[in-house]
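Each chain, letter by letter, is given below.
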Amino acid sequence: MYKKVYIVDDDEVSIFLTEAILEAESFATEFKGFLDPKKALYNLLENAKNSNTSALPEVIFLDLNMPFISGWDFLEALAPYEHALKGRCRIYILTSSVDEHERQRAAASGLVAGFLQKPLQDGCLTQLKRN
Amino acid sequence: MHHNSPPTRSSASIASLRLERLNRLLFNHYPDAIYTINTDGTFHTVNDTVCQVLQKEREELVGQNYQLAVHPEYWEHSFSYFKAAHEGLPQRYQTVVRSSSGESVFLDVTNFPLKVNGEMVGVFGIARDITEQKHREQALLRTTQELKRQNEELELFRKIIAHDFRSPIARLLGLSKLLQKDNLPEKTQETALSALLQSAQQLDGMVQDLNQMLSLHHQGDEPREQCDAVELVQLAMNSLQADISSAGGSITLDAPDTLQVFTVKAFMASIVQNLLSNAIKYRSPDRALQVNIQVAQQGKEVVFTFTDNGKGMDLDQVGSSLFRMYKRFHHEVDGKGLGLYLVKEQVRLLEGRIEVESTPEQGTTFTVTLPV
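Residues numbered from 1 in each chain as written. Chains lettered and ligands numbered in written order. Predicted model: local features only at pLDDT ≥ 70, side-chain atom pairs only at ≥ 80, totals over all residues. Heavy atoms only, no water.

Let us now look at the interface of chain A and chain B. Taken together, the contact pairs 27 residues of chain A with 26 residues of chain B. Buried surface at the junction of chain A and chain B, both sides included, amounts to about 2100 Å², of which 60% is carbon and sulfur. Counting the surface chain A buries against chain B, the share from its top three residues, A:Val13, A:Phe16 and A:Phe68, is 27%. One can count four salt bridges joining chain A with chain B. There are six residue pairs in polar contact (both at pLDDT 80 or more) connecting chain A and chain B. (Contact = heavy atoms within 4.5 Å. Buried area = accessible area lost by both parts, 1.4 Å probe. Salt bridge = Lys/Arg side-chain N within 4 Å of Asp/Glu carboxyl O. Polar contact = N/O pair within 3.5 Å; in protein donor to acceptor, adjacent residues only side chain to side chain.)

Have a look at this one:
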């Protein structure tokens, strides 16, 4: 079981749902949902800058379509700290979008560990746990 | 070269025509307009087609300046070609002339310099009526533009389906699967059930939005009618009065008693309604809402100005996506994100303009300008 998981999504219901599914599957002990991606970003950048790796979440579920700061903007802001995050913090895109361009774009990003479609499937969670 | 000796054998054959007479026949009856212009710009000779195109008698035209027949918007343009031909260079160009009944005729013109013993004596011209062809081209261009716009719209719909419709559907799927699980905490189950309903309602709302948007363009063909812009604003204010007073807000209106506009009434009403309800929706929690609406006529246009003291936006950040569909710029407010898109489309269909100014934490001003 993971210790800490972040869910970054501008939609409250989505955060609730992802959290409830993860909880039911005993995915992690602590969940933190961020409605405002900026807050999640500050938190991550702070810890990455200070090499405070133990405070970093092990898994982040990141939505793409958010106002002001999209998931892509989020990844771009994290890019300078890729080395600090790699191996410590796995970022999964979790989107309701079925746009093939976005899947390809995610595959091209070094920071993204996987591209998941909403809603989270139990089968896919088992795989994430094993990873 | 000019004078072939007449043949002697037969007197009633083509061969009996003297070349000069043949030339004159050809000149007069040729289906294209043929003419010569003196160096001072006056017609020297014109054939029958010139007279037909301009709907004038030969006597009216000969001696008159050719520019008088040209459409005023093309004076400079045709003069530059005439001048170039006059300087000895053959020219081919398109121009527009006006017949005496005021009809515009598109012409494809060829001009040659006319020289006698190396000296410029005038300009020789052949002009073909290409009005029909031009009209076909213009119709084709309009169709192309319309097709382009419709394709852009299709691409927009594709994005809406891929991004926006998938979102409540994914939630419905996830929530129903979650509810199938055993041993779900009671609190979670309750939340999931109400979220299920909310997602279904959202999806329903989006279907209705999309339907409204699709029917917008058919409505664009609706006949325009005379209506009172001030009355429309007052109607919108009345219908939103409950929301305004419950928000502790106030609205002032600066407008003449009446302002008649020839427009699609439903569009204008929807524009006013949307901008006003946006002002209420995005009010600041820190101060009482104040909205000022101005309606004024400026020349052949009516200008609506909606000024509020609401949350405002950083336009540099929002940029061009302000009027896009399902784009929201405030976390706390439950917007469908379609309002401004509809406003922009309706303004476009009415051949008007919309502008926005905004300062975060101070307020926003929308200015809509529509033809009267």
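Next up on the list: the nonpolar core. Residue and element names in this part refer to chain B. Ranked by size, the top nonpolar core spans 50 residues in total, and within it Ile-293, Val-295 and Phe-304 carry the most contacts. Elements supplying a minimum of two residues to this core: α5 (131–180), α6 (186–219), α7 (229–239), α9 (265–281), β9 (290–298), β10 (301–308), α11 (339–349) and β12 (363–371). Top element by residues in this core is α9. It accounts for eight residues. Setting aside residues no more than four positions away along its own chain, Phe-304 makes contact with Ala-229, Val-233, Met-268, Val-272, Gln-294, Val-295, Phe-366, Thr-367, Val-368 and Leu-370. (Core = buried A, V, L, I, M, F, W, Y, C linked by side-chain atoms within 4.5 Å. Buried < 20%, exposed > 50% of the residue type's maximum accessible area, 1.4 Å probe, protein only. Helix = DSSP H or I, 4+ residues; strand = E, 2+ residues; numbered from the N terminus.)

Residues and elements named next belong to chain B. Strand order across the open sheet formed by five strands is β7-β9-β10-β12-β11, with mixed pairing between neighbours. Each of the sheet's edge strands pairs with one partner strand only, and the pair in question is β7 (250–254) and β11 (353–359). The mean angle between the axes of side-by-side strands here comes to 10 degrees, regardless of whether they run parallel or antiparallel. Relative to β12, β11 runs antiparallel, the two sharing seven bridges. By the bridge assignment for β12, Ser-358 is matched with Thr-364. Docked against the sheet, α9 engages β7, β9, β10 and β12, running at close to 15 degrees with respect to β10. (Pairing = 2+ DSSP bridges. Axes fitted to C-alpha atoms, helices over the stretch in contact; angles between N-to-C directions.)

Any link to function would need more than the numbers given here.
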